[in-house]
Amino acid sequence: MSNNEIARYGDADTEADLDNFEEQLRQQTEHLMSKVQAGDFAEALKLVSELNETRDRGLYREVGRLTRSLHEALVNFHIDAGNNPRQQAELSQISDASDRLAYVVNLTSNAANRTMDLVEASMPIAADLKTEAHELRNEWHKLGRRQLTPEEFRQLYKRMDRFLNDLTQKSDQVHDNLSEILLAQGYQDLTGQLIQKVTTLVREVEENLVRLVKMAGRVDQITGIQHDIVFPKVDVGQGEGPQLQKDERPDVVSSQDDVDDLLSSLGF
Amino acid sequence: MKAGKCSAKYWVSSVGILEVALDKNMKILVVDDFSTMRRILKNLLRDLGFSNVEEADDGTTALPMLKTGKFQFLITDWNMPGMSGFDLLKAVRADNALKNLPVLMVTAEAKRDQIVAAAQAGVNGYVVKPFTAAVLKEKIEKIFERIDA
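This structure is a prediction, so every number in the text was calculated from the model and none was measured. (Residues numbered from 1 in each chain as written. Chains lettered and ligands numbered in written order. Predicted model: local features only at pLDDT ≥ 70, side-chain atom pairs only at ≥ 80, totals over all residues. Heavy atoms only, no water.)

K.L.:
Sorry if this is basic, but what is going on with the sheet that holds strand S3 (residues 28-31) of chain B here?
P.N.:
Two orientations exist for strands paired in a sheet by backbone hydrogen bonds: parallel and antiparallel. Residue and element names in this part refer to chain B. Spatial ordering of the open sheet is given by S4-S3-S5-S6-S7, a layout of five strands whose pairing is parallel. A strand with exactly one partner marks an edge of an open sheet, and here the two such strands are strand S4 (53-56) and strand S7 (125-128). Pairs of neighbouring strands in the sheet enclose a mean axial angle of 20°, with direction left out of account. Here four bridges tie S3 to S4, and the two strands are oriented parallel to one another. Note on S4: the bridge partner recorded for Val 31 is Ala 56. (Pairing = 2+ DSSP bridges. Helix = DSSP H or I, 4+ residues; strand = E, 2+ residues; numbered from the N terminus. Axes fitted to C-alpha atoms, helices over the stretch in contact; angles between N-to-C directions.)

K.L.:
I tried to follow the nonpolar core on my own but got confused; where do I start?
P.N.:
As a rule of thumb, nonpolar side chains are buried together in soluble globular proteins. One finds B:Leu29, B:Val31, B:Leu66, B:Leu74, B:Leu88, B:Val92 and B:Tyr126 to be the most contacted residues of the largest nonpolar core, which totals 33 residues. Among the elements of the structure, helix H7 (256-265) of chain A together with S3, helix H2 (59-67), helix H3 (85-94), strand S6 (103-107), helix H4 (112-120) and S7 of chain B are those that each provide at least two residues to this core. Those residues in contact with B:Val31 that sit more than four places away from it in its chain are B:Ala56, B:Asp57, B:Asp58, B:Gly59, B:Ala62, B:Leu74, B:Ile75, B:Thr76, B:Asp77, B:Met80 and B:Leu88. With 22 residues, the next largest nonpolar core counts B:Leu22, B:Leu48, B:Leu104 and B:Leu136 among its residues. (Core = buried A, V, L, I, M, F, W, Y, C linked by side-chain atoms within 4.5 Å. Buried < 20%, exposed > 50% of the residue type's maximum accessible area, 1.4 Å probe, protein only. Contact = heavy atoms within 4.5 Å.)

K.L.:
What is the right way to read the side chain of A:Thr191 from this model?
P.N.:
The topology assignment puts A:Thr191 in helix H6 (residues 187-223). Discounting chain neighbours no more than four positions away, the residues touching A:Thr191 are A:Val104, A:Leu107 and A:Thr108.

K.L.:
What is the right way to read the interface of chain B and chain A from this model?
P.N.:
Contacts between chain B and chain A engage 30 residues on the former and 30 residues on the latter. The junction of chain B with chain A conceals about 2600 Å² of combined surface from both sides, 56% of it contributed by carbon and sulfur atoms. Sorting the residues of chain B by area buried against chain A places B:Arg39, B:Lys111 and B:Arg112 first, and these three jointly supply 26% of that buried surface. Scanning the region where chain B abuts chain A turns up three salt bridges. Across the pair A:Glu120 and B:Arg39 runs a salt bridge whose closest N-O atoms are separated by 3.2 Å. One can count twelve residue pairs in polar contact (both at pLDDT 80 or more) joining chain B with chain A. Secondary structure elements with two or more residues in the side of chain B that touches chain A: helix H1 (35-47), H4, S7 and helix H5 (133-148) of chain B. Considering each element in turn, the side of chain B that touches chain A owes the most residues, seven residues, to H4(B). For the side of chain B that touches chain A, the per-class residue count stands at 14 nonpolar, six polar and ten charged. (Buried area = accessible area lost by both parts, 1.4 Å probe. Salt bridge = Lys/Arg side-chain N within 4 Å of Asp/Glu carboxyl O. Polar contact = N/O pair within 3.5 Å; in protein donor to acceptor, adjacent residues only side chain to side chain. Nonpolar A, V, L, I, M, F, W, Y, C, P; charged D, E, K, R; others polar.)

K.L.:
How should I be thinking about the confidence of the model for chain A in this particular structure?
P.N.:
Any segment with low pLDDT has predicted coordinates that should not be analysed in fine detail. Residues and elements named next belong to chain A. Model confidence for chain A is summarised by a mean pLDDT of 82, while 87% of its residues fall at 70 or above. For chain A, per-element mean pLDDT is lowest for helix H3 (residues 85-91), which scores 56, and highest for helix H5 (residues 150-184), which scores 94. In the model, residues 1-9 has pLDDT below 50 throughout and makes seven contacts with residues more than four positions away in sequence or in other chains. (pLDDT = per-residue confidence, 0-100.)

K.L.:
Would you take a moment to explain the pattern of salt bridges for this structure?
P.N.:
Close approach of charged atoms allows side chains with opposite charge to pair. Within the structure shown, the criterion is met by 23 salt bridges over all chains. The salt bridge partner of A:Asp117 is B:Arg39, with a shortest N-O separation of 2.5 Å. With A:Asp117 in helix H4 (residues 93-144) and B:Arg39 in helix H1, this pair bridges two chains. Between B:Glu54 and B:Lys27 there is a salt bridge whose closest N-O contact spans 3.0 Å. Placement of the pair is B:Glu54 in strand S4 and B:Lys27 in the loop between strand S2 (18-22) and S3, with a sequence separation of 27 residues. Using a relative accessible area of 25% as the deciding quantity, one classes B:Glu54 as partly exposed. Among the charged side chains, a salt-bridge network with shared partners connects A:Glu23, A:Arg26 and A:Glu30.

K.L.:
Whenever I open this one, the pairing of S7(B) confuses me. Can you help?
P.N.:
On any regular strand, side chains alternate: one points to one face of the sheet, the next to the other face. Residues and elements named next belong to chain B. Of the two faces of S7, the one carrying Gly 125 and Val 127 and the one carrying Tyr 126 and Val 128 are both buried. Examined bridge by bridge, S6 and S7 share four bridges and lie parallel to one another. The partner of Val 106 across the bridge, within S7, is Val 127. The handedness of the S6 to S7 crossover, carried by H4, is right-handed. (Right-handed = clockwise from strand over helix to strand, strands pointing away.)

K.L.:
Explain H1(B) to me, please; I cannot follow it from the model alone.
P.N.:
In an α-helix, one turn spans 3.6 residues, which is why side chains three or four residues apart end up on the same side. All names here are of chain B. For H1, built from 13 residues, the straight-helix expectation of 18 Å at 1.5 Å per residue is met to within 8% by its first-to-last C-alpha distance of 18 Å. Taken together, the buried positions of H1 are Thr 36, Met 37, Arg 38, Arg 39, Leu 41, Asn 43, Leu 44 and Leu 45. Once H1 finishes, Gly 49 follows within two positions and takes phi at roughly 100°, a positive value. (Expected span 1.5 Å × (residues − 1).)

K.L.:
Would you mind showing me how to read the packing of H4(A) against H5(A) here?
P.N.:
For any two helices packed against each other, the geometry comes down to the angle between their axes and how far apart the axes lie. All names here are of chain A. Closest axis-to-axis distance for the H4/H5 pair is 9 Å, and the angle between their directions is 160°. Relative to H5, H4 is oriented roughly antiparallel. Crossing hand, H4 versus H5: left-handed. Classifying every residue of the contact of H4 with H5 gives 18 nonpolar, four polar and eight charged. (Parallel < 35°, antiparallel > 145°, perpendicular 65-115°, else oblique. Left-handed = near helix turned anticlockwise from the far one by under 90°.)

See below:
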């Protein structure tokens, strides 16, 4: 039986217990009312203490369940509650996930820097070739218009020879740089795998947490505890990072054009 | 040169279009917590002819640099540990010596509320990541066009 199945059976059990508990509560209350109306206060007080007992029993049962769920969830999180803190860190998949993500940041950063190194190395080569080609073309046109002296022609011949040599070497270098840039994109494969592992873990943790919250909700129901949940106000000044599913969110712009439209509507 | 003043000149080009000549020597501060993004911005700026560029990794390090008065233009990310770009923008606008400094925000923050807040805080331009070299160029030119107009 999978964890999910166990949880579902557990849910059915608790549902039944809760119904049972509520039914008992209803019956005992009716009984109490009739005793109070009949003026039998000794019997009524006895019933009040029975009511308390029923509530306590329900409460103990739910707290017991909650504790068990908490334990199961912890087991599912793969956190070993051993005494050795170092061992704990090693055995926790959460910390393993953090390590994986840190490694992803490392890999992407290295790849981006490697790519930029190679681009920065290639750009001046392209710029040099362009400058030289431009100047040679001017000279070449002069030759076509027969405006060169024999000496200038000899210079142009040598310069053209050097340029063609350079061109061979430098285009080889640019080609090598481009191939290396291509290889540097290999990080995507590794980071993809690492992130998928972490995503799976996050999903598992979320499922377990939701189960715990449901359990805790039942305890609240029996004890009659009500929480004033105050959602923290979001400070617009605090950035939240890239927004997802921009096309589906009316509060998020989906392109630079949207930004420009919004700003121009504000008088920019 | 005072911050944010006279960084561009106009002339009517041969085809009669009003063009803007940016002061390519102006000192620019690029603020982003990711070194790769700083490097990309520096490269793009160099392609646009701006080579006088310095970097900072968040508002806390950027503000004292700006207070030296050496910079004529600030390009900042929004979401950074320490002091965010938005807080940096507000600090710049609150400082008498810096309040006219042109600020371009280059950020992944794309919520309408945030863009409106940045505009109200006095940002001069807003570019959402990922962006292109053409968009960056256009926004920088627009900022200095407006300032000199």
